[in-house]
Amino acid sequence: MDEVTVKIVNTSGLPLPAYSTIMSAGLDVRACLPDGPVTIAPMERRLIPTGLRVALPEGYEMQLRPRSGLALKHGITLVNTPGTVDADYRGEIGVILINLSSEPFSVSHGDRICQMVVSRYSRVAWDVCDIVEATGRGDGGFGHTGVG
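From a predicted model like this one, the values you see are computed outputs, not experimental measurements.

Cut-offs applied
Numbers given to residues run from 1 along each chain, matching the order in which its sequence is written. A pLDDT threshold of at least 70 governs which residues receive local features in this predicted model, and a stricter bar of 80 or more applies before side-chain atom pairs are shown or counted, although totals over entire chains, interfaces and linings include all residues. Note: side-chain values were computed over all heavy atoms of the structure, leaving out hydrogens and water. Strands are runs of DSSP state E lasting at least 2 residues, helices are runs of H or I lasting at least 4, and numbering of each runs from the N terminus. Summary of the burial criterion: residues with accessible area below 20% of their type's maximum are buried, those above 50% are exposed, and those between are partly exposed, where the area comes from a 1.4 Å probe applied to protein chains only. In protein, a polar contact requires one atom able to donate a hydrogen and another able to accept it; more generally it is a pair of N or O atoms within 3.5 Å, and residues adjacent in sequence count only if both atoms are side-chain atoms. Residues count as neighbours in contact if any of their non-hydrogen atoms are within 4.5 Å of one another. Salt bridge, as used here, is a side-chain nitrogen of Lys or Arg placed within 4 Å of a carboxyl oxygen of Asp or Glu.

Let us now look at the side chain of Ser-12. Take Ser-12: it is sitting in the loop between β1 (7–10) and β2 (18–19). According to the relative accessible area criterion, Ser-12 is buried, its value standing at 8%. Of the polar contacts made by the side chain of Ser-12, one reaches the side chain of Asn-10; its length is 2.6 Å. A distance of 3.0 Å separates a polar side-chain atom of Ser-12 from the backbone nitrogen of Leu-14. Every residue in contact with Ser-12, bar those within four places of it in the chain, is listed here: Cys-32, Thr-50, Gly-51 and His-109.

Spelled out as structure tokens, the structure:
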């Protein structure tokens, strides 16, 4: 397993994002809401601040992903999942939460609202051609391989 050092500014007064277990891929990220809770109405989306700014090394990205417990128990997820933070972004990380349930949901200062995963990425160099080689699957998609 690789480890990368990432510079971080934390103005939230909360613990840094952290792994819940030794084999977790994502770090838990907390809401920075020192002025009080934010309520998200059913089908409403809100930008939740984190108080975090990072300087990712070149060749790395950060993805923000939903927390499965919030999604299952409360219908809370991220609108643009995964949200991508590019290596040259230096602003505060915000999380766009949406409430897909029929009940209002309150987010408080320090609540874990999403996970972040930092990973390497590759840049694409296009090789323009007239045809791509055939495979057994061909152009079958969206359920082509069946259920089960």
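That was the structure; now back to the text.
Evaluation of the coordinates by the stated rule reveals two salt bridges. Asp-28 is the partner of Arg-67 in a salt bridge, and the nearest nitrogen-oxygen pair spans 3.5 Å. One end of the pair, Arg-67, is in the loop between β7 (60–65) and α1 (68–74); the other, Asp-28, is in strand β3 (residues 27–30), with 39 residues separating them in the sequence. Of the residues examined, Asp-28 reaches a relative accessible area of 9% and is grouped as buried. Residues joined in a network through salt bridges with shared partners are Asp-28, Arg-67 and Arg-112.

All right, on to the side chain of Thr-50 then. Here Thr-50 shows up in the loop between β5 (45–49) and β6 (52–55). A relative accessible area of 1% means that Thr-50 is categorised as buried. Within the local environment of Thr-50, its side chain forms a polar contact with the backbone oxygen of Ile-93, the two atoms lying 2.6 Å apart. Contact partners of Thr-50, with chain neighbours within four places excluded, come to Ser-12, Val-29, Arg-30, Cys-32, Glu-92, Ile-93 and Val-95.

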